[in-house]
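Listed below, chain by chain, are the residues.
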Amino acid sequence: MKRLIPFPNISNNQLSLFYTLLCSFIAIILLLVSIHLVTYSFFRDRIKEEIIVNSGLNLNTTVTNYEKHFKLMRSFMLSNLFENDTQILKNGTSAFHYDIVSRVQRELRNTMNNSLLYLDNIIYYFKDTGFVFDKEGTRNAETMFGKFYVSDTYSVEFWKRQAESVDSFKVYPTTNFRMETAFEKFSYGNLTPILVKSAYDDRLAFILLLKSARAFEAFHQPKPGSSLLILDEDRQVIYSSSPSLGMPDNLKMEDGTYPGLGGYAKLDDKYYFFRSGSETGFTYVEVVADRGLTNQLRNLNVLMFVMLALSILISLAVSYILAKKFHNPLAKMIRSIQTYSVLGGPGAASSRIKEFNMLHSTLRDLSRSNEKFHHDLQTKNTMLQQFAYMSKLKKIGGGAGLETRMDEDRPYRLVLFHLEFKERFLLEISSSVHRAFNTYKELIDAHFTSLYGESLTFQLEKDQILTILFLDDDQADKPEAELRTLIRIFDSDAPYCNFTIAPSPVRKYATDFAETYQNALDLIRQRKLGEDVQIITQWEAHPSLLVPTPSEETELVANLQAGVETVTIPLVERFLDHLDKAGATAGQFQEWSKDIVNRTIKAMYAQNVSVASVVDGSHLHEQLKSCYTLEQYKTFFRRLLTRSAIAIQEKKSETDAITKFVFEYVEANYGGDLSLDAIAHKLGITGPYLSSYFKEKTGTNFSDYIYTVRMNKATEMLIETDLLIQDIASLVGYFTVASFNRVFKRYTGMTPSEFRRQNIKWEE
């Protein structure tokens, strides 16, 4: 023992580290052994019960699979029964409709190519004529069931009787079918016949031949020593996975009743598990041998005790070796430390293990210094890592000497966050945007740090946060599930900030890093309109937007310059609806809207109208950035176009009393007589002069202006009122509904009733 404890001045109340470790290992071993024994004794009695429960659950799955398949067969064939070709063959003489028979055979061959149906063949049997055809050809019933599908049970007389029965769907016992022709003889194996026909019409019957073995393999998961039986409502065996196995007549359940809808019963050395099918009424029976369960438990007992004994012996030996290996290096360190320190000196911690007392006092100061240096080094290393990654992303030279974890080929994924703070945030939240941005960055970093061993989150741009996730080979790629917690938090802040998230696929090569980041940027640009949190995982090509067309552009510019908001506002709103239906991104909406704003500004400058007179607060382009939904864009343009039109019209009215009179008169009397001569007479001028003057001043034909005003009023009434169409036609100046319908369809591309129906549905 002194050889193991070579230290001088050992007090009697201190234990050696060797003894402490060894006793601790032995205590843990005894605790684990006791827990193992208690657990095994508890679960050993329940293993057999669990096996029985599992057998019942397995049979439930089998019943569900078979019942679904039988229902599928019945529905599929009954649908074929009412098809046009089938009705023609059934009601006529099938032998004279070979073109229809050929077409049905082609469809039948396509059906048989579906391996999941597990069918060997489908036979069309016309009882009255004895005509039969399948996927291969046409024959009479005697040839089909006497040579090509021969069985000892099912003859042509049998099928004729079954076709005359009232059953519309029936499954018959499985038997062996074979071919016996003069040229070829072979067996198809065991097939299960299924009859499908109309219950009130026996002229046509479908005979389906189910591959029983294939269906059994697909629908049932047999356990060792188990078998499956399927019984019809008369307790006749339809299918048996073991040909020699049948149902004993003296089988009873514990309450003395015959098994029916469920449960199990035991007879001799077998367990019989029963389930009843809700679709067919069949009884499904799984037979499990009790002898196999007993042998399994006995083998389990022997194996358990052998493994327990070996584990105890090995654990004791390993505990002794480990305790000794831990002790020897520590003993050498203690001897070295004793040359510089005195055991039990000032500041030494109190412990019953003498080695710990020495190490504690000596390493305490080293630990404090190391912690300070480590913290400083970690902070600087994180900053260098972020700088290195930003250099890689932006392809900046000069950072080649900085090595990163991305320099090695290992799986990784990028998650790019784009944050767009709204005007409401600046008005209602007291903290700065910079502080809120840092808060979101720390939140994202904490979230991914809890999920992954290695991740790095840093700010890349003023509105972008990038997270790099380093993955193991066995980690799944499920970005939506990983982001679920963050999305719940972002949803609550959606009124103040738009969040767009672009997770990249998992990549393996460091050379793809910059390209992966560019792909994530492209995904961010896929954001659609809306104020919700959007996760974008798939890139889609931006839709090509031909809005406006050249003719529409000419009309828009002319009416902007003329200040006719009754034309420009519906026209711009129609453009916006087209962009929305085409699937335009939020960026495309912004770019298109900037173009319309610029056109409006140009029109105002052309008429010497001050832009400041129609702008409230910030610049127009700044106001446009606050539009995130289709309705917000429409509201913005209604306000802008209305104010610009008023300003342009006021500017023109200073020197142009004629056009001002026309605008006011048409707006007030759009349902009356608006002919060119009538309005010219009120002005005291000629019609041709008014037409050319109006065209010169507004850039729009007089008749086109009248037409546009009336159509805009009509569309407004169709959407906002329940007036009859003939009443609306009269109110906007048309004497007949036919002329109104013709003009309205030319303007909108649809009739008034279609326009009202579509817009009411859209509103709902």
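Quantities reported herein were computed from a predicted structural model and do not represent experimental measurements.

Cut-offs used in this document
Residues numbered from 1 in each chain as written. Predicted model: local features only at pLDDT ≥ 70, side-chain atom pairs only at ≥ 80, totals over all residues. Heavy atoms only, no water. Helix = DSSP H or I, 4+ residues; strand = E, 2+ residues; numbered from the N terminus. Contact = heavy atoms within 4.5 Å. Areas by Shrake-Rupley, 256 points an atom, 1.4 Å probe, with all protein chains shown as cover. Pairing = 2+ DSSP bridges. Axes fitted to C-alpha atoms, helices over the stretch in contact; angles between N-to-C directions. Core = buried A, V, L, I, M, F, W, Y, C linked by side-chain atoms within 4.5 Å. Buried < 20%, exposed > 50% of the residue type's maximum accessible area, 1.4 Å probe, protein only. Polar contact = N/O pair within 3.5 Å; in protein donor to acceptor, adjacent residues only side chain to side chain.

A.B. asks: How should the overall build of the chain be read in this particular structure?
C.D. replies: Across its full length, the chain holds 25 helices and 17 strands. Put simply, of all contacts in the chain between residues at least 6 apart along the chain, 63% involve residues at least 24 apart. Accessible area for the chain stands at about 42,100 Å²; split by element, carbon and sulfur atoms hold 55% of it.

A.B. asks: Help me understand the sheet that holds strand 10 (residues 264–267) in this model?
C.D. replies: Consider a sheet: its strands pair through backbone hydrogen bonds, and that pairing is either parallel or antiparallel. The strand order across the open sheet formed by five strands is 9-8-12-11-10, and the pairing between neighbours is antiparallel. Either end of the sheet is taken by a strand with one partner, and the two such strands are strand 9 (237–240) and strand 10. Taking the axes of each pair of neighbouring strands and ignoring which way they run, one obtains an average angle of 20° across the sheet. Where strand 8 (residues 226–231) lies against strand 12 (residues 283–289), six bridges are found, and the strand directions are antiparallel. The partner of isoleucine 230 across the bridge, within strand 12, is tyrosine 284.

A.B. asks: Which parts of the structure should I look at to understand the nonpolar core?
C.D. replies: Across soluble globular proteins, nonpolar side chains have a tendency to be buried as a group. With 42 residues, the main nonpolar core has Tyr66, Phe70, Tyr124 and Leu208 as its most contacted residues. Looking at this core element by element, the count peaks at eight residues for helix 1 (residues 17–81). With sequence-adjacent residues up to four places away left out, leucine 208 is seen in contact with Met73, Met77, Leu119, Asn121, Ile122, Thr192, Pro193, Ile194 and Val196. Judged by nonpolar contacts, the second largest core, of 34 residues, contains Val666, Ala680, Ile706 and Phe755.

A.B. asks: What am I meant to see in the environment of proline 505 here?
C.D. replies: As for its position among the elements, proline 505 is in the loop between strand 16 (497–503) and helix 13 (513–524). Here the alpha-carbon distance between proline 505 and alanine 520, two residues 15 residues apart in the chain, equals 9.5 Å.

A.B. asks: Explain the side chain of serine 227 here, please?
C.D. replies: Residue placement: serine 227 occurs in strand 8. For serine 227, a relative accessible area of 12% corresponds to the buried category. Side-chain polar atoms of serine 227 contact the side chain of serine 242, separated by 2.9 Å. Residues contacting serine 227, with those up to four places away along its chain left out, are Ser241, Ser242, Leu245, Val285, Glu286 and Val287.

A.B. asks: Looking at this structure, I do not really get unusual backbone geometry. What am I missing?
C.D. replies: With glycine set apart, most residues show a phi of negative sign, and most peptide bonds adopt trans. Positioned with a positive phi, tyrosine 118 is a non-glycine residue whose angle comes to about 55°. Relative to the elements of secondary structure, tyrosine 118 occurs in the loop between helix 3 (98–112) and strand 1 (119–126). For tyrosine 118, a relative accessible area of 13% translates into the label buried.

A.B. asks: Help me understand the sheet that holds strand 15 (residues 464–470), please; the structure alone is not making it clear to me.
C.D. replies: The mixed open sheet is built from five strands, whose spatial order is 14-15-13-16-17. If you trace the sheet from one side to the other, it starts and ends with strand 14 (454–461) and strand 17 (534–535), each paired once. Across seven bridges, strand 14 lies against strand 15 in antiparallel orientation. Bridge pairing in strand 15 links leucine 456 to isoleucine 468. On top of the sheet, helix 13 reaches strand 13 (412–421), strand 14, strand 15 and strand 16; it is set at about 35° to strand 13, its chief contact.

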